[in-house]
Amino acid sequence: MAGLATVDSITNPDAMFENADITNIITEVTHVDTAKKIVELSDGASINYDKIILGTGASQVIPEFEGVDLEGVFTLRSVPDAERIKEFLEEKKAKNLVFIGTGFINLELAALLSENKPDYYNITVVKYKTLGPPLALMLDADMAITVQDCMVEKGINMKMESRATRILGQNGRVAGVELETGEKLDADMVMVSVGALPNLELAKDMNLELGTFGIKVNKYLETSNPDILAGGDCAEKIHFVTKKPAASLLRGPSVIQGRLAAKRLAGYDIEFPGILNNSAVRIFDKYIAATGLTDKQAQKEGFETISIVVISRSKHGMIPGVKPWTLKLVFDKNTQKLIGGQIISDSDAPVKEIDTVNALILGEKTISELTTLMCAGNPDCSSEPSLEPITIAAEQALQKLR
Ligand SMILES: Cc1cc2nc3c(=O)[nH]c(=O)nc-3n(C[C@H](O)[C@H](O)[C@H](O)COP(=O)(O)OP(=O)(O)OC[C@H]3O[C@@H](n4cnc5c(N)ncnc54)[C@H](O)[C@@H]3O)c2cc1C
């Protein structure tokens, strides 16, 4: 959409499937007869099956307010969506862009468009349901405010204390967005990104058991029908920390579940460990990542928490180009285990440290164990070992326990 990637660069060539002896049929599955074990396709064809792996993904949530069907109101899920938006921006020369929703998709998109045509767009981001700083699924408010400030500095109008209540139109085309305060924002285009829900039509058609967040599966991704496995956005996942079903619509778990389901069919018995929703995004100069529970989410789940924020640097202090980065770790005070982490960095390198935090949560490491974590140190590519923020956060948490 921002003109950075071509469609070819993000789609797998047909030859990839052909070379692996896989028949790739691009059409819609309209019905599955689980008694006769037949998959019916929209072109009238049908396929017999022994086993099914269901990966129907998710669809964007469309808010139930007035104006969502006006021309110039978009959601983004697929390549055709991106192409439609790009075409609209170019053809209509849209300048006033309003983004409803403050998750990573909208913020990333707003930042990319702004970077792509500096000083051209007038971009406003508004809240949908909850108020307060953006990226609430990834970051606590004390961390998210840095992202908000950065966006404001870059010229984005961040209306974080106002909810959108309706989209205004003129002659069938979008003209503005009204906020609950009564304020009206001019809009030539509106991007709505307020979450996604699993596509469950086929699962319902197959009478599969459903949970709160998608198709119910066991640790081997088997559904309530032993011949049908499910994975990715359409499958309900268990949160590794809370051990409860949780929403998870991310690529990491989808890719791993795809591989795991295939391995299950090949006879392996490797269990899916549960999700931590580790995710990352770049917004202007800020590289942001998170895993596990935020402090707020943990408290809502009933944990008594200790949370520590440490400011570190991307290289040793003496090296030119050193940039700051901030790590927040959340611990369960009761068990002293690490249960969440958040990173905001001015350099791309430290952001991947979220996967170290992720592995430490999966390893159920405690505060005292983390005080002895030894990380690779090099002046040009890491903070000084004495400033390694995971160990510093653990040291500070240890002091708080006394
Ligand atoms: C704009 C955007 C940006 C994102 N960025 C990130 C990111 O940076 N990091 C990250 O971790 N995640 C990201 N995600 C989420 C990530 O894309 C999804 O979690 C992931 O694609 C889910 O994979 P999946 O295979 O389960 O579903 P999908 O990739 O959605 O694939 C499901 C497929 O099933 C097809 N389908 C559905 N029903 C039928 C049917 N009846 N017959 C035939 N086909 C059917 C759909 O058309 C679709 O092609 C992003 C999502 C969006 C929308």
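Parameters and conventions
Residues numbered from 1 in each chain as written. Predicted model: local features only at pLDDT ≥ 70, side-chain atom pairs only at ≥ 80, totals over all residues. Near = placed C-beta within 6 Å. Helix = DSSP H or I, 4+ residues; strand = E, 2+ residues; numbered from the N terminus. Nonpolar A, V, L, I, M, F, W, Y, C, P; charged D, E, K, R; others polar. Pairing = 2+ DSSP bridges. Axes fitted to C-alpha atoms, helices over the stretch in contact; angles between N-to-C directions. Buried ≥ 20, exposed ≤ 12 C-beta atoms within 10 Å, placed from the backbone. Arc of directions from axis to C-beta. Contact = placed C-beta atoms within 7 Å. Domains from an automatic or database assignment.

Draft legend 1. Molecular detail of the site of the ligand. The immediate surroundings of the ligand are formed by 19 residues, with Gly 57, Gly 232, Leu 250, Arg 251 and Ser 254 found nearest. Sorting elements by how many residues they give to the shell around the ligand places helix H7 (residues 251–265) first, with three residues. Residues of the shell around the ligand, tallied by class, amount to seven nonpolar, eight polar and four charged.

Draft legend 2. Structural context of the sheet that holds strand E1 (residues 29–33). Strand order in the open sheet formed by three strands is E1-E2-E3, with antiparallel pairing between adjacent strands. The open sheet terminates on both sides in strands that have one partner only, identified here as E1 and strand E3 (46–48). Adjacent strand axes in the sheet meet at a mean angle of 20 degrees when their direction is disregarded.

Draft legend 3. Layout of helix H9 (residues 353–362). Buried residues of H9: Glu 353, Ile 354, Val 357, Asn 358, Leu 360 and Ile 361, and no others. Mapping the buried residues of H9 onto a view down its axis gives an arc of 165 degrees, with all of them on the same face. Among the structural elements, strand E17 (279–283), strand E18 (286–292), strand E21 (338–345), helix H10 (367–370) and helix H11 (389–401) are those in contact with the buried residues of H9. Among the residues trailing H9, Glu 364 stands out with phi positive, at a value near 55 degrees.

Draft legend 4. The sheet that holds strand E10 (residues 173–179), seen in detail. Read across the open sheet, the seven strands follow the order E6-E12-E7-E8-E9-E10-E11; overall the sheet is mixed. Each edge of the open sheet carries a strand with a single partner, namely strand E6 (73–74) and strand E11 (184–186). Of the pairings in the sheet, the one linking strand E7 (residues 96–100) to strand E8 (residues 122–127) comprises five bridges and is parallel in character. Within the sheet, the bridge partner assigned to Asn 96 lies in E8 and is Asn 122.

Draft legend 5. Local environment of the pairing of strand E2 (residues 38–41). With four bridges joining them, E1 and E2 adopt antiparallel strand pairing. From the neighbouring strand, Asp 33 faces E2, where its bridge partner is Ile 38. Between E1 and E2, which pair antiparallel in sequence order, lie four residues; one of them, Lys 37, sits at a positive phi of approximately 60 degrees. Direction of pairing for E2 relative to E3: antiparallel, over a ladder of three bridges. Considered in E3, the bridge of Ile 38 is made with Asn 48. Connecting E2 to the antiparallel partner E3 that follows it, the hairpin turn spans four residues, and Gly 44 within it adopts a positive phi of roughly 95 degrees.

Draft legend 6. Just the domain arrangement of the chain, in detail. Under the domain assignment, the chain is made up of domain 1 (60–197) and domain 2 (285–401). Residue-level contacts link nine residues of domain 1 with 11 residues of domain 2. When the residues that make up the side of domain 1 that touches domain 2 are grouped by side-chain class, the tally is six nonpolar, one polar and two charged.

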